[in-house]
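# Results of the structural survey
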Amino acid sequence: MPTSRYAIPPIPFDTEKPWTNWGGNQSCSPAFTVRPRDEREVLDVVRFAIREGLPVRAAGAGHSFTPIVQTGGVLIDTASLTGVTGVDTATHRVRMLGGTRLSDLGDVLWDKGLSLANQGDIDKQAMAGAVSTATHGSGIGLGSFSSTVRWVKLVTGHGEIVEIGEDNLRELHAAQVALGTLGVVVELELQAVPRYHLAEQITYPGWQETVSGWQENIANHRHYSFIWCPRDESASLYELPTPAGESMVDRCYTKRYQATELSEPDGIVTTEGARRDRAYRIYAGGFMIPFHEMEYYVPAEKGQEAVTAVRDLLLTTHTDQRYPLEVRWVKGDQGLISPFHGRDTTVLSVSGAPGTDYWPYLRDVDALLEDFEARPHWGKIHFLTRDRVRAIYPEYDTFVSVRRTYDPSGVFLNDSLRQLFG
Ligand SMILES: Cc1cc2nc3c(=O)[nH]c(=O)nc-3n(C[C@H](O)[C@H](O)[C@H](O)COP(=O)(O)OP(=O)(O)OC[C@H]3O[C@@H](n4cnc5c(N)ncnc54)[C@H](O)[C@@H]3O)c2cc1C
């Protein structure tokens, strides 16, 4: 899109600065990239884009694998929209700007006596980015980040600032998981919990032992998850520590976390696999080696059967695939297009190596899990069409109707999102 056709944006900008995601499988060249510092600058930029007829997308930390950030119009980099804006220690509510990174929250909340209720495998995401795709950790009693959202402030497709709170649950449930299609989230409020420490236990059971302890492990741990390895090299692809000199074939890197009382600093243990520490430090982390991930969600009662079926696929049909199968659990919620809408969930994640043809494998996993009423992670590779989204989300039409209210002319859509939600 040649930028000379357009007026000059109201805040500093780059032209045709390429954007690429963490995984390197999504990229775009926006006409303008801007980095607003407050809601007024976001508002000015969105109004500029509306006047110029340019589409707008917001970018968090770029950790999604799907084409949900891309735009040829205005890309709003939210890296300067950061910081905690309010903490209510009585209600455990926390407000923050949309671009605030998860990794920036731990110390600030701890000093106020609070923690996030749960976290996922990494803490690099921006909170609005994490919430927009229903990012989650593991624990059958713990919901996604989105399920903890109690209020949002948006710049909408009308070029207005709008607040959505608990007095409007229909729209709040739309805003909890919206892929940025209602507008730019400039600020949001989450329900946090009193701060807590975690005790970690990492073990390496074989498949049969994992199957025998299935329900008991889910029910009796705050966080239970495992990563099943089809091959010896599988663990290293996710940078997992393994027992020295032992094969990981058909074994599971298994994590259990329980809340625990401990006094600091004497009670802190930093030994990998047996850590005892503040919750946010246990969750902290990232991956250095990129992979391309697909993640599907099935009703928890079908989880064991679904995981067994994907394991069989890796052992019998796709023996060339080396990445592990990660399995987690998430509590059901009410977000209109939350993958956890109305059901406790078993999470299955698989990956392919960048630069290889992993598509036949991922398509087979997709076809297999369709029979289990699977809903995909919005930020990870999937094969959804509009018809499939409508079939798996009972509140799909409500969501689209709310989206059209906030953005009737589709300022916040790109080609991929228009196909699904236009
Ligand atoms: C290594 C790795 C580990 C991961 N681990 C987990 C995990 O444990 N659990 C899990 O559920 N997922 C996980 N994910 C997926 C990741 O959490 C999601 O894709 C998440 O959306 C990424 O957040 P982000 O800040 O990078 O957002 P982006 O990918 O930049 O954006 C995601 C979406 O949010 C929108 N958006 C961002 N900011 C705003 C805003 N201010 N206003 C409106 N819309 C906005 C974007 O337009 C886009 O549609 C992982 C991904 C990677 C690469």
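Looking at an unreviewed UniProt entry, one finds the protein chain named FAD-binding protein and attributed to Streptomyces antioxidans.

## Description of the overall build of the protein chain
Scanning the protein chain from terminus to terminus reveals 13 helices and 21 strands. The C-alpha atoms of the protein chain give a radius of gyration of 21 Å, which matches the 22 Å a tight globule of 422 residues would have. For the protein chain, the spread of C-alpha atoms along the principal axes amounts to about 65 × 50 × 35 Å. Per-residue burial over the protein chain gives 58% buried out of 422 residues. Here the contacts in the protein chain between residues at least 6 apart in sequence split such that 71% fall between residues at least 24 apart. Across the protein chain, the 41 positively charged side chains and the 54 negatively charged ones have centroids separated by 3 Å.

## Digging into helix H4 (residues 169-176)
Burial analysis of H4 places 6 of its 8 residues in the buried class, which makes it a mostly covered element. Residues of H4 that are buried: Glu171, Leu172, His173, Ala174, Ala175 and Gln176. Against the buried residues of H4 lie helix H3 (127-132), strand E10 (149-156), strand E11 (161-164) and helix H12 (396-406).

## Digging into the domain arrangement of the protein chain
For the protein chain, the domain assignment lists domain 1 (3-77) and domain 2 (84-194). Taken over C-alpha atoms, the centre of domain 1 sits 22 Å from the centre of domain 2. With 14 residues of domain 1 at the contact, the number on the domain 2 side is 20 residues. The salt bridge partner of Glu39 is Lys153, with a shortest N-O separation of 2.8 Å. Remark: the boundary between domain 1 and domain 2 carries 4 residue pairs in polar contact (both at pLDDT 80 or more). Elements with a contribution of two residues or more to the side of domain 1 that touches domain 2: helix H1 (39-52) and strand E5 (56-59). Sort the elements by how many residues they give to the side of domain 1 that touches domain 2 and H1 lands first, with 6 residues. For the side of domain 1 that touches domain 2, the per-class residue count stands at 8 nonpolar, 3 polar and 3 charged.

## Concerning the sheet that holds strand E18 (residues 292-299)
Spatially, E17-E14-E16-E15-E19-E20-E18-E21 is the arrangement adopted by the 8 strands of the open sheet, whose pairing is antiparallel. Since the sheet does not close on itself, it has two edges, and those belong to strand E17 (276-278) and strand E21 (375-376), each with one partner. Bridge count between strand E15 (residues 223-229) and strand E19 (residues 325-330): 3 bridges; the pairing is antiparallel. Following the sheet pairing, Phe226 is matched in E19 by Val327. Each of E15, E18, E19 and strand E20 (345-352) touches helix H9 (residues 303-316); the most contacted strand, E20, lies at about 15° to it. Helix-sheet contacts for helix H10 (residues 359-370) involve E18 and E20, and the interaxial angle to E18 is about 10°.

## Quick notes on the sheet that holds strand E8 (residues 93-97)
Strands sit in the order E7-E8-E12-E10-E11 across an open sheet of 5 strands; the sheet is antiparallel. The two strands at the open ends of the sheet, each matched to only one other strand, are strand E7 (84-88) and E11. Across the sheet, the axes of successive neighbouring strands diverge by a mean angle of 15°, strand direction being ignored. The pairing of E7 with E8 spans 4 bridges and is antiparallel.

## Some remarks on the UniProt feature "domain: FAD-binding PCMH-type" (unreviewed entry) in the protein chain
UniProt records the feature "domain: FAD-binding PCMH-type" (unreviewed entry) for residues 26-195 in the present numbering. Annotation note: span residues 26-195, helix share 20%, strand share 28%, distance between end C-alpha atoms 37 Å.

## Looking at empty space enclosed by the protein
Across all of its chains, the model carries 2 cavities of 30 Å³ or more by this definition. What the largest cavity holds in volume is close to 60 Å³. Taken together, 13 residues make up the lining of the largest cavity; nearest its centre are Ser132, Ala175, Ala178, Gly180 and Val185. Of the residues in the lining of the largest cavity, the class split is 8 nonpolar, 5 polar and no charged. Counted as a void, the second largest cavity has a volume near 40 Å³. Lining of the second largest cavity is provided by Leu102, Leu105, Gly106, Leu109, Leu114, Ser115, Leu116, Gln119 and Tyr280. Every element with two or more residues in the lining of the second largest cavity is listed here: helix H2 (106-111) and strand E9 (114-115). Tallied by class, residues from the lining of the second largest cavity come to 6 nonpolar, 3 polar and no charged.

How each quantity is defined
Residues numbered from 1 in each chain as written. Predicted model: local features only at pLDDT ≥ 70, side-chain atom pairs only at ≥ 80, totals over all residues. Heavy atoms only, no water. Helix = DSSP H or I, 4+ residues; strand = E, 2+ residues; numbered from the N terminus. Rg over C-alpha atoms; globule rule 2.2 N^0.38 Å. Buried < 20%, exposed > 50% of the residue type's maximum accessible area, 1.4 Å probe, protein only. Contact = heavy atoms within 4.5 Å. Lys, Arg positive; Asp, Glu negative; His and termini not counted. Charge placed at Lys NZ, Arg CZ, Asp CG, Glu CD. Domains from an automatic or database assignment. Salt bridge = Lys/Arg side-chain N within 4 Å of Asp/Glu carboxyl O. Polar contact = N/O pair within 3.5 Å; in protein donor to acceptor, adjacent residues only side chain to side chain. Nonpolar A, V, L, I, M, F, W, Y, C, P; charged D, E, K, R; others polar. Pairing = 2+ DSSP bridges. Axes fitted to C-alpha atoms, helices over the stretch in contact; angles between N-to-C directions. UniProt positions renumbered as here; feature names shortened; annotations may be inferred. 1 Å grid on protein atoms, 1.4 Å probe; cavity = no way out; pocket = protein on both sides within 12 Å on 5 of 7 lines; lining within 4 Å. Points joined across faces, edges and corners; volume = space filled by probe spheres on them.

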